Amino acid sequence: MEFKDQVILITGGAAGIGKATAKAFAELGGTVVIWDLNDIAGKELIDELKADHVSCMFQKVDVTQFEQVGNAVQEIIDTYGRIDVLINNAGITLDKTLKKMDPETWQNVIDVNLTGVFNCTRQIVNHMLEAGQGVILNASSVVGLYGNFGQTNYVATKAGVIGMTKTWARELGSKGIRVNAVAPGFIATEMVQKMPENVIEHMVGKTPLGRMGKPQDIANAYTFLASAKASFITGTVISVDGGIIS
């Protein structure tokens, strides 16, 4: 199978896109490690995967805590001896217009969505360098490309992730490590489906394919970019957005 004997770490992996991604890599033979703060959902997913005889592990990890991340990484190395793919999927939104945004709201999103990506990648990259190979995939967003009303903090993080992706691709490519980003459009996660119906209709109306994306659509992009089929792709941002009109 495509990812047999490979270890895939997915941050924010207990629900939504992260959960779909964990299942997708598991179906392709990968050993899946899930990080999330929701230990109940995380353990439920692990039980589901183990019932299908998938090699997997759950760790409750706060990606904003550099040392905690490092300790969790070491536990993975001690258990499996390697980390082949890192998917920086963990993220939050705390939306306000610029006029109403306070420093705490700004910083909370920066800490998770931007610093968290740095923390995880920094703690893992030396293990990939020692192995001479690895894949790092970062979750950006179409709003990181186009901007979005009321999301100064979120947009800043997703644009920043694109910048880090391109920089790391330059730094690490000669060492056998590929780095790419995926920019989802409007995806029908549980969180989004709880939005008012008129908001959802507006989202769909801006999408030429006439529907919201599914978490599996993003998972498919991740599995492709992590695979040997994408061996000459690095430093890029792939939009999975149904052709969204900015």
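About the criteria used
- Residues numbered from 1 in each chain as written.
- Predicted model: local features only at pLDDT ≥ 70, side-chain atom pairs only at ≥ 80, totals over all residues.
- Heavy atoms only, no water.
- Pairing = 2+ DSSP bridges.
- Helix = DSSP H or I, 4+ residues; strand = E, 2+ residues; numbered from the N terminus.
- Axes fitted to C-alpha atoms, helices over the stretch in contact; angles between N-to-C directions.
- Contact = heavy atoms within 4.5 Å.
- Buried < 20%, exposed > 50% of the residue type's maximum accessible area, 1.4 Å probe, protein only.
- Phe/Tyr/Trp six-rings, centres within 6.5 Å; stacked < 30°, edge-to-face > 60°.
- Parallel < 35°, antiparallel > 145°, perpendicular 65-115°, else oblique.
- Left-handed = near helix turned anticlockwise from the far one by under 90°.
- Nonpolar A, V, L, I, M, F, W, Y, C, P; charged D, E, K, R; others polar.
- Salt bridge = Lys/Arg side-chain N within 4 Å of Asp/Glu carboxyl O.

Some words on the sheet that holds strand 4 (residues 85–88)
If you trace the 7 strands from one edge of the open sheet to the other, you get 3-2-1-4-5-6-7, paired in parallel fashion. Of all the strands in the sheet, the pair left with one neighbour each is strand 3 (56–60) and strand 7 (237–240). Across the sheet, the mean angle from the axis of one strand to that of its neighbour is 15°, orientation sign disregarded. Sheet analysis places strand 6 (residues 177–184) next to strand 7, joined by 4 bridges and oriented parallel. Across the sheet, residue alanine 183 finds its bridge partner in strand 7, namely serine 239. Contacts between helix 3 (residues 66–80) and the sheet are confined to strand 1 (7–11), strand 2 (31–36) and strand 3, with strand 3 contributing the most and set at about 160° to the helix.

Considering the environment of arginine 122
Examined against the element boundaries, arginine 122 turns out to sit in helix 4 (residues 103–131). Residue classification places arginine 122 among the partly exposed residues on the basis of a relative accessible area of 39%. Put simply, arginine 122 and isoleucine 92 are 30 residues apart on the chain and 20 Å apart in space, counted from C-alpha to C-alpha.

Some points on the packing of aromatic side chains
Within the structure shown, the criterion is met by 2 aromatic pairs. Ring geometry for phenylalanine 3 and phenylalanine 25: centres 4.9 Å apart, planes at 65°, overall edge-to-face. You can see phenylalanine 3 sitting in the segment before strand 1 and its partner phenylalanine 25 sitting in helix 1 (residues 16–27), a full 22 residues away along the chain. Looking at phenylalanine 3, the relative accessible area reads 1%, which means it is buried.

Observations concerning the packing of helix 1 against helix 9 (residues 215–226)
Two elements in contact, helix 1 and helix 9, have axes whose closest approach is 8 Å; the angle formed by their N-to-C orientations is 50°. Between helix 1 and helix 9, the crossing angle belongs to the class labelled oblique. Judged by the sense of rotation from one axis to the other, the crossing of helix 1 with helix 9 is right-handed. On helix 9, the residues touching Gly16, Ile17, Ala20, Thr21, Ala24 and Phe25 of helix 1 are Pro215, Gln216, Ile218, Ala219, Tyr222, Thr223 and Ala226. The class makeup of the residues in the contact of helix 1 with helix 9 is 9 nonpolar, 4 polar and no charged.

Topic: the pattern of salt bridges
Scanning the entire structure with this criterion turns up 5 salt bridges. Linking aspartate 102 and lysine 96 is a salt bridge whose minimum nitrogen-to-oxygen distance equals 2.9 Å. A relative accessible area of 32% places lysine 96 in the partly exposed class. A salt bridge links arginine 211 to aspartate 217; the shortest N-O distance between them is 3.2 Å. By relative accessible area, which is 39% here, arginine 211 ends up partly exposed.

Some points on the packing of helix 1 against helix 2 (residues 39–51)
Two numbers describe how helix 1 lies on helix 2: the axes approach to 11 Å, and their chain directions differ by 20°. Relative to helix 2, the element helix 1 lies roughly parallel. Handedness of the helix 1/helix 2 crossing: right-handed. Residue-level contacts link Lys19, Ala22, Lys23 and Ala26 of helix 1 to Leu45, Glu48 and Leu49 of helix 2.

Taken by themselves, the reported measurements are silent on function.
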